[in-house]
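Okay, here's what each chain looks like letter by letter:
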Amino acid sequence: MRGVVLFLCMLLMGGSVQGRTHRKDKHMPAADDVMQRVFASAPDFSAEVGGYEAKLYVRGVVKVKRRNFMLRYLPSMFKINRNEREYISESVSDLHYIAPGTYDQKLLSECGTMNRQWRAEGQLPEYFHLNIYSTYMIDERLLSPLSLVGRGYYRFQVDSVSGEEGRRLFFISFIPRYSSSQLVNGTMAVSEESMTVRTMKMDVYSEFFACTVDLTMGEEDTPERLLPCRVAINGKFRFFGNRLDGRYLALLRYEEIYPMVEKPARDNLDLSSSYTLRTDTSTINCDTECFAQMRFEPLTSEEKGIYCAHQLRLDSARTQPHDSLREARWRRVGDVLAESHTFHINEESSLRMPPLFNPFMLGYSPSRGISYSMKLRFQHLFKDDRLLRVTPRLGYNFKQKDFYWNVLTEYDYLPARCTGVSMEIGNGNRIYSSAYIDYLKDIPDSLFNFDDVKLRYYNDFYVKLKNRWEIVNGLSLDVKLEMHQRTDSRRYNPEIDGHLGPDWSDVYIPRIYNSFAPGFRLMWTPHQYYYRDGKRKINLYSRYPTISIDCEHGLKGILPHADSYGRLEIDWQHSIPLGPIRQLFYRLAWGGYSRSKGMYFIDYVNFRRSNLPTGWNDDLGGVFQLLDSRWYNSSRQYASANITYETPFLLFPYFGRLSRHVFSERIYVGGLIVPHLRPYLELGYGMGTRIFDVGLFTSFANWKYAEIGAKFTFELFDR
């Protein structure tokens with residue numbers, strides 16, 4: 001019994017229990033003693049580097065071992081030619097770093113045989129400038145074995161010692177306690193004289209990409225001793241039968257290194273000094289001869305051969321006849337169907353269009369069935385950082401056989417105050433009217449069954465207008481106007497459909513109902529941290545909860561068949577970090593409609609569901625996966641509570657190598673109170689990877705077991 005209790009405690013603590021380090025034989029120094037000195041010096045090392053400016057040279061060679069049509073779904077993949085298997089790319093950049101983790105990279109020039117640089121899931125640039133003494137070597141990923149927090153997740157072992165007393169070099173292995181993509185396995189060489197890491201070699205894994213990162217730090221007696229000067233990466237990329245091997249070399253030449261400045265006072269919420277940097281992708285493309293003057297290290301004979309072979313193919317292609325017009329047309333159609341595109345109209349405007357057919361836009365849940373969606377993004381930056389965003393979204397729900405769409409247009413006309421207007425047009429969920437509310441409430445719990453009630457559904461077309469204004473930092477006011485036109489999904493025939501409720505067959509029910517409802521939403525987040533990007537204010541996070549009040553009042557007579565009603569909702573949500581890689585999220589919500597003699601529709605803001613795929617963070621709290629859609633509109637009042645605990649080390653660390661693919665795990669607990677459900681409880685477990693999310697849920701209605709089900713959505717390269 002004690003063993004079971006200890007096992008459960010380890011799960012809830014996320015594996016933060018520390019163990020002893022080891023040494024191979026008694027003549028070796030204990031790894032505990034060596035690492036204790038390294039950990040004691042690590043905070044001082046972090047303070048020595050508050051920022052730097054450097055030149056970054058990157059060279060990469062990619063070999064295509066095997067490929068198929070699935071390779072086209074990679075959003076960052078370069079164009080692969082039919083008869084070309086080896087590719088090379090080079091670039092020179094200005095790199096500017098500001099602690100704790102902000103990098104500004106400006107590409108100066110690039111050269112190579114790829115039509116665009118391939119980043120291998122977008123992670124490779126982060127490996128080129130790792131900060132091994134920080135908590136995370138990469139932002140929110142790769143927990144460093146040298147940090148005070150991360151040491152509890154690693155075991156250490158002294159493999160060998162070289163050199164004379166006082167100037168020895170310790171070769172130490174660090175082994176993760178759990179198999180996880182957020183932990184690394186490798187070795188490092190630590191100098192006894194300065195207790196700094198001289199070299200480090202580590203293995204990194206993710207769903208598609210596995211690589212070995214070999215770091216060489218700067219000379220020991222120079223300011224660069226705490227920073228990597230040479231980074232060599234050898235990786236293998238596997239994607240649904242596709243195999244690509246790559247090797248990358250990054251060389252850094254530091255021009256200026258400056259120490260950490262004193263941190264701002266706790267009451268200073270403006271973090272602009274750490275967040276204002278932006279990546280500049282404007283580059284100068286040049287040929288091999290021109291780029292030779294910028295190259296930090298000469299090409300190898302193999303790399304020169306790749307350039308020569310590519311040039312021969314280009315020369316040969318010019319002498320061959322061009323493809324027919326029909327072949328070119330079908331090739332363009334195939335590109336649109338299977339590839340994502342980002343069109344840069346000019347320096348200020350861009351359009352991102354996903355593939356028209358992409359299996360990774362599918363989602364499934366028991367209550368919503370299978371659904372498919374796609375989203376386009378257009379944005380234009382005006383003078384003074386005013387931003388226009390247009391986001392159309394299309395989707396189809398196969399269970400309900402409904403097509404959903406909406407177009408959201410946002411314009412930030414006062415970006416310094418997070419102030420702007422927005423308009424959303426689209427169609428909402430099918431819904432039944434308030435005429436059923438009292439009838440459903442009066443049915444005894446023992447006899448209640450939604451399948452025995454014939455509901456009259458209405459299709460929803462809406463227009464939502466909103467002006468957002470940030471009164472002071474953390475306090476914002478949204479003034480809204482919503483207009484809905486709800487149309488009977490099919491004409492009612494009493495002889496065929498029977499009575500809808502008590503006896504409404506003799507009551508005239510219009511086929512179309514409208515609503516005209518002004519309202520407001522007041523939201524307050526105390527102690528809101530933010531930064532300014534130019535003139536744009538961007539909110540970050542807060543250690544305190546976010547409280548919102550949403551109010552709406554329908555006006556009668558403005559539109560035909562529009563009745564009056566009132567809606568009020570209160571929401572409280574809070575995310576509590578429990579460590580560098582664990583957090584607890586909870587959400588409390590209440591909402592209600594005022595009684596009205598007219599016809600209206602129960603349509604809450606905080607208690608609703610989407611019939612299209614929703615991702616990992618969209619379902620963080622306030623969502624019930626197994627709840628029948630008819631319950632969301634069944635009551636004039638509701639009260640709900642949701643708790644989510646997230647950690648990457650819950651169950652899968654005990655499954656060995658399989659856990660490498662797990663990004664994070666979650667436990668869900670949710671409760672709801674509405675008529676006939678007092679309460680409704682839902683328990684769940686979720687597992688997130690960089691390919692897909694999957695969750696297993698079970699529900700209880702009125703303290704009795706109801707059902708069990710699973711949710712599945714793709715998150716391919718969306719994190």
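Just so it is clear, the structure is predicted and the values come from calculations on it, not from any experiment. (Residues numbered from 1 in each chain as written. Predicted model: local features only at pLDDT ≥ 70, side-chain atom pairs only at ≥ 80, totals over all residues. Heavy atoms only, no water.)

Okay, the overall build of the protein next. Within the protein, the regular secondary structure consists of nine helices and 35 strands. Put simply, the protein has 719 residues, and 48% of those count as buried. Counting only contacts in the protein whose residues sit at least 6 apart along the sequence, the fraction spanning at least 24 positions is 62%. As presented, the protein carries roughly 36000 Å² of accessible surface, and 56% of it is formed by carbon and sulfur atoms. (Helix = DSSP H or I, 4+ residues; strand = E, 2+ residues; numbered from the N terminus. Buried < 20%, exposed > 50% of the residue type's maximum accessible area, 1.4 Å probe, protein only. Contact = heavy atoms within 4.5 Å. Areas by Shrake-Rupley, 256 points an atom, 1.4 Å probe, with all protein chains shown as cover.)

This paragraph deals with the side chain of Glu552. By the element assignment, Glu552 lies in strand β28 (residues 546–554). A distance of 2.7 Å separates polar atoms of two side chains, one belonging to Glu552 and the other to Tyr565. Once residues within four sequence positions are removed from consideration, Glu552 is found in contact with Glu482, Ala517, Pro518, Gly519, Tyr565, Gly566 and Arg567. (Polar contact = N/O pair within 3.5 Å; in protein donor to acceptor, adjacent residues only side chain to side chain.)

Put simply, Arg678 and Pro679 share a cis peptide bond, and its omega is 5°. Residue position: Pro679 is located in strand β33 (residues 677–688). Its identity is not glycine, yet Asp384 carries a phi of approximately 65°, on the positive side. Topologically, Asp384 is positioned in the loop between β19 (377–381) and β20 (387–397). Non-glycine residue Asp385 carries a positive phi angle of around 65°. Summarising the element assignment, Asp385 is placed in the loop between β19 and β20.

A separate point is the packing of aromatic side chains. Aromatic ring pairs are defined here through the distance separating the ring centres and the angle between the ring planes. This model, assessed by the stated rule, comprises 26 aromatic pairs. Between Tyr458 and Tyr513 the ring centres are 5.9 Å apart and the planes differ by 75°, which places this aromatic pair in the edge-to-face class. You can see Tyr458 sitting in strand β23 (residues 457–472) and its partner Tyr513 sitting in strand β25 (residues 512–524), a full 55 residues away along the chain. Neither residue differs from the other here; Tyr458 and Tyr513 are each classed as buried. Geometrically, the ring pair formed by Phe700 and Tyr705 is edge-to-face, given 6.1 Å between the ring centres and 75° between the ring planes. Chaining the aromatic ring pairs together yields one cluster made of Tyr565, Tyr593, Tyr600, Tyr604, Phe607, Tyr632 and Tyr638. For Arg253, the ring lying beneath its charged end belongs to Phe296, and the centroid distance is 3.9 Å. Positioned above the aromatic ring of Tyr462 is the side chain of Lys464, whose terminal nitrogen or guanidinium carbon lies 4.8 Å from the ring centre. (Phe/Tyr/Trp six-rings, centres within 6.5 Å; stacked < 30°, edge-to-face > 60°. Lys NZ or Arg CZ within 6 Å of the ring centre and 35° of its normal.)

For the rest of this paragraph, the subject is the environment of Ile512. Inspection of the secondary structure assignment puts Ile512 in strand β25. Expressed as a C-alpha distance, the spacing of Ile512 and Asp460, which sit 52 residues apart in the sequence, is 10.0 Å. The residues contacting Ile512, other than those within four sequence positions of it, are Gln485, Arg486, Thr487 and His561.

This paragraph deals with a nonpolar patch on the surface. Together, Phe520, Leu522, Ile549, Leu568, Ile570 and Trp590 line one region of the surface with nonpolar side chains, adding up to about 450 Å² of accessible area. Listed by contribution, the elements that provide at least two residues to the nonpolar patch are β25 and β29 (565–579). Mapped onto the elements of the fold, Phe520 is located in strand β25. (Patch = residues over 30% accessible without salt bridge, like charges linked within 9 Å, V, L, I, M, F, W, Y side chains within 5 Å. Salt bridge = Lys/Arg side-chain N within 4 Å of Asp/Glu carboxyl O.)

To continue, consider a positive patch on the surface. A contiguous patch of positive charge on the surface is contributed by Lys65, Arg66, Lys236 and Arg243. Tracing the backbone shows Lys65 in strand β2 (residues 51–66). Residue class for Lys65 comes out partly exposed when judged on its relative accessible area of 47%. (Lys, Arg positive; Asp, Glu negative; His and termini not counted. Charge placed at Lys NZ, Arg CZ, Asp CG, Glu CD.)

Glancing now at the environment of Asp104. Take Asp104: it is sitting in strand β4 (residues 102–112). By relative accessible area, which is 18% here, Asp104 ends up buried.

For the structure on display, the rule yields 34 salt bridges. Residue Lys535 pairs with Asp384 through a salt bridge whose shortest N-O separation is 3.0 Å. Here Lys535 is found in the loop between β26 (530–533) and β27 (536–539), whereas its partner Asp384 is found in the loop between β19 and β20, with 151 residues between them in sequence. Overall, Lys535 belongs to the partly exposed group, its relative accessible area being 46%. A salt bridge links Asp402 to Arg430; the shortest N-O distance between them is 3.3 Å. Here Arg430 lies in strand β22 (residues 419–432) and Asp402 lies in strand β21 (residues 402–414), a separation of 28 residues in the sequence. The exposure class of Arg430 is partly exposed, given its relative accessible area of 31%. Salt bridges here are not isolated pairs; linked through shared partners, they connect Arg59, Lys63, Glu86, Glu90, Arg247, Arg295, Glu302 and Glu303.

Burial of strand β32 (residues 664–674) is extensive: eight of the 11 residues sit out of reach of the surface. Of the strand pairs in this sheet, strand β31 (residues 637–647) and β32 are connected by nine bridges, and their pairing is antiparallel. The residue bridging Ile643 from the neighbouring strand is Val669, located in β32. Pairing geometry for β32 and β33, over 10 bridges, is antiparallel. Bridge assignment links Gly671 to a residue of β33, and that residue is Leu681. Linking two consecutive strands that pair antiparallel, namely β32 and β33, is a turn of two residues; a positive phi of about 75° is found at His676 within it. (Pairing = 2+ DSSP bridges.)

A word on the environment of Leu71. With respect to the secondary-structure elements, Leu71 resides in the loop between β2 and β3 (86–98). A relative accessible area of 6% means that Leu71 is categorised as buried. For the pair Leu71 and Arg238, spaced 167 residues apart in sequence, the C-alpha to C-alpha distance is 9.9 Å.

Moving on to the pairing of β31. Bridging between strand β30 (residues 582–593) and β31 involves 10 bridges; their strand directions are antiparallel. Note that in β31 the partner of Tyr586 across the bridge is Ile643.

On average, residues of the protein score 79 in pLDDT, and 77% of them reach the 70 mark or higher. Highest mean pLDDT in the protein belongs to β28 (95); lowest belongs to helix α1 (residues 2–12) (43). Within the model, the stretch residues 496–500 combines pLDDT values under 50 with 14 contacts to residues more than four positions away or in other chains. With pLDDT under 50 throughout, residues 502–506 is counted as low confidence; its partners more than four residues away or in other chains account for eight contacts. (pLDDT = per-residue confidence, 0-100.)

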